[in-house]
Structures are given as structure tokens and as C-alpha cells.
Amino acid sequence: MSTSETPSASARPPRKPRVAVVFGGRSSEHGISVLTAGAVLRAIDREKYDVLPIGITADGRWALTTDAPDRMAITDRELPNVAELARSDTGGVVMSVDPASREVVHSEPGSVPTVLGEVDVVFPVLHGPYGEDGTLQGLLELSGVPYVGSGVLASAVGMDKEYMKRVFASYGLPVGPFTVIRPREWDRDQAGARKKVVDFAGEHGWPVFVKPARAGSSMGISKVDDLTGLDDAIEEARRHDPKIIVESLLRGREIECGVLEFGDGPQASVPAEIPPVTSHDFYDFEAKYIDSAAGIVPAPLTEEQTAEVRRLAVLAFEAASCEGLVRADFFLLDNGRFVLNEINTMPGFTPISMYPRMWQETGVGYPELVDRLLQAALHRSTGLR
């Protein structure tokens, strides 16, 4: 072929953006993350994006996995895991922390490392600590790789229920009563820590909810009716996080609202309601993911109530400096007042999860939702912004 017949670089079709979907992780929400990854992988438009699935095993190894969304599902009431999807038991994936290079490398013991190419954007679908809490976001900031969702600070605030509530309260947002037992308090003086909870219950009443301070998916939560169940609840929460938060029971309806960042700012979805779950004491992990408790979308609220919860959801998004997406969870009390319970900066994201369902009802379908998040991340810089 002569020089004149050689295609110029400008004549070649542009390379499709490459998306690394990172999932799994070291938290107790590992399996939920794999479920989310399966849904996201299934929804990404392969005509528009190249996809690289990267799983993080429960012990922290970054593994190259098969692109097999159908295997990322609940089977016989068991959650999937990355180890079952990894292409090998020993290989590891490494992302460069050099902002000048976005290359991903795969290596096997005794073999020459393989360069997998550059990544243009990361879709981190990890839930809980070591992924949703700002740790992975910090790595991606160092690497200079854009990513879906909130940055380091907002992710950390959104993961820590204590500091989340303190931030919201400082902005005048309504939050419920709570107290915290830090690791050193329990380790040094269990009787004193126990008395702290008893005093809190004396002021706000039993029952109370004992929760890991930095976990999600309703993992490790116990409803405690009196002092006799307190120690077991604390130990259960501490299996997930040495820091625990104790909250009073708020009597009312559970309302959720999704927030999505558009070009002109964050907007709220129609809200949803989580109805009382008769087969469970509260809306716990099994009710959410195994027994598939159904939410009502849209929530049966008045126009004024709908407008108010959407307003509060956007305010919560802004107060925590969030980006991309958030699910805000509220209680609508019997007196008609909304109380903000928490936000999730990477909420459950399967098609039957509440966040996508709320946006579906608002007019943004699941594939479009995934695409909007990827496009927003591709156009957002890393670093201070």
C-alpha cells in the first residue's frame, strides 16, 4: 500500500471510551456489590463503550473477572462473590497512580505482566467501607481517572452515619436523636458505654436501633426492646464496624427519594415508600435483598409532601457536597414532619432497587441512567473542583 493509501490517524474512527466497572470489595456488602455490577454491566451500551470488569475479592485482591452478568445473581438465596468470577486464583490487576498514564496492568506469578490498556472512566459499584467511603475515590483521584459518583469527602461523610447527621444538622436539616459508642469507649469501659445507651433510651424511649456506624444494606442492625438484648446487638454491630451508632425509634412512614446530577444541577426523582414488612421486624437485609420487599413508586403523598421531600433530598445532596447520584432516606412522622435518616452515595443499583425504580417512574430508564452517570463522570475533572 502506498503512503497515499494509508489511512491517516484523523480518518480512523474514534476510540470508544473505556469503562472499568469495579465491584466486590472487602466490606460485608460484597455480594450486594456483585449484584449491582451485574446489572450495570448488562445495561452499558457496548456500541458506545468498551467495558473492563474488575472485581475486588473479599480479601482485597483486584482480579480480572469474566464479563458475565448472568452469573452475578442470587442463587438459592446465596449472594454471588468475586472469587467465583475471577479468571484466576492468583492474578492481580493494578491501576497506575501516575496521572499521566491510565493504563491497567494484569499480572500472574511467574508471567510477564499484560497491559490491558487505558481506562477513561471508572464506575465503582462498591458498597460499604473500602470502596463507597472515599478510599477508592482517593486512589482514583491520585490516578487522575474520572469516576462515577461523589468525591472523597462526600463519600466519607455519606458512609459515616455520625458525621453525616452532624453535617446535616449544621445545615438545619431535620435529623433524629442518636448517640455514638466509639471503639475506645467500648474497649475501655463497657459498663460506661452501656450506661450511655441506657441513658439515651431513658430520654428517648425504647426500642432503639443499634447499627454499625459505617455500613449499609441494613447489615448488622438490631432493634433492641430493652436492656437484655443490648450486648448482643452491640456485638452484632461491631462485627461490621467497631464504631456503632444508636438511634431512637421514629414512628412514621419510610420514604425514599433519588437525586441525580444533571447539567444544570441536581434534581430529585419522584419519591417511593417502603411499606411495613410484616414478615420482618424492620426493613432489614433479608427483607431488602432476599425476600424482595416491594416499595411503592411513586409514594402515596400529597403534592405538598412530595415537593417537600424532593426539596430536602436535593438540600442533603448539596450539604454533603455530593456528585452524580444519591438516595436520601426519610421518615414521615405522624405529625407530618419529614426527618432525614441517611443518604447513600452509591445506593443499591439493580433494576429492582429503589433508586433506579424511582428514576424509571420519573422518566429516566435504567440504561439511560447508567449512561447519564458515565457521561457526567467523563466530563468531570479529578482533583479540586
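This one's a predicted model, so the numbers in the text were calculated from it and none came from an experiment.

A. Representation of the overall build of the protein in the model. Regarding its fold elements, the protein presents eleven helices and 16 strands. Computed over its C-alpha atoms, the radius of gyration of the protein comes to 22 Å, within 12% of the 21 Å expected for a compact globule of 385 residues. In terms of overall dimensions, the protein has a C-alpha envelope of 85 × 50 × 45 Å along the principal axes. The 385 residues of the protein split such that 54% are buried. When the accessible area of the protein is evaluated, it comes to approximately 17,300 Å², of which 51% is carbon and sulfur surface. Computing the positive centroid from 39 side-chain charges and the negative centroid from 55, the protein places the two 3 Å apart.

B. Highlighting the nonpolar core. By size, the foremost hydrophobic cluster in this structure holds 33 residues, and its most contacted members are Val21, Phe123 and Phe349. Those elements giving two or more residues to this core turn out to be strand S1 (18–24), helix H1 (30–43), strand S7 (121–124), strand S12 (252–262), helix H10 (354–362) and helix H11 (366–378). When near neighbours in sequence (up to four residues on either side) are disregarded, phenylalanine 349 contacts Thr36, Ala39, Val40, Phe123, Leu325, Tyr355, Pro356, Tyr366, Leu369, Val370 and Leu373. Core analysis: the next-biggest nonpolar cluster, separate from the first, contains 27 residues, Ala154, Val259, Val309 and Val314 among them.

C. Broad picture of the sheet that holds strand S5 (residues 103–107). Taken in spatial order, the three strands of this open sheet run S4-S5-S6, and their pairing is antiparallel. Lying at the two open borders of the sheet, with one neighbouring strand each, are strand S4 (92–95) and strand S6 (114–118). Between one strand axis and the next, the sheet turns by 20° as a mean value, whatever way the strands run.

D. Here's a closer look at the pairing of strand S11 (residues 244–248). A large share of S11 lies buried, amounting to five of its five residues. Residues Ile244, Val246 and Ser248 of S11 are buried on one face, and the alternating residues Ile245 and Glu247, pointing to the opposite face, are buried as well. With four bridges connecting them, strand S8 (residues 178–181) and S11 associate as antiparallel partners. Bridge assignment links threonine 179 to a residue of S11, and that residue is valine 246. As paired strands, strand S9 (residues 208–212) and S11 are joined by five bridges and run antiparallel to one another. Bridge pairing in S11 places valine 208 opposite serine 248.

Cut-offs applied
Residues numbered from 1 in each chain as written. Predicted model: local features only at pLDDT ≥ 70, side-chain atom pairs only at ≥ 80, totals over all residues. Heavy atoms only, no water. Helix = DSSP H or I, 4+ residues; strand = E, 2+ residues; numbered from the N terminus. Rg over C-alpha atoms; globule rule 2.2 N^0.38 Å. Buried < 20%, exposed > 50% of the residue type's maximum accessible area, 1.4 Å probe, protein only. Areas by Shrake-Rupley, 256 points an atom, 1.4 Å probe, with all protein chains shown as cover. Lys, Arg positive; Asp, Glu negative; His and termini not counted. Charge placed at Lys NZ, Arg CZ, Asp CG, Glu CD. Core = buried A, V, L, I, M, F, W, Y, C linked by side-chain atoms within 4.5 Å. Contact = heavy atoms within 4.5 Å. Pairing = 2+ DSSP bridges. Axes fitted to C-alpha atoms, helices over the stretch in contact; angles between N-to-C directions.

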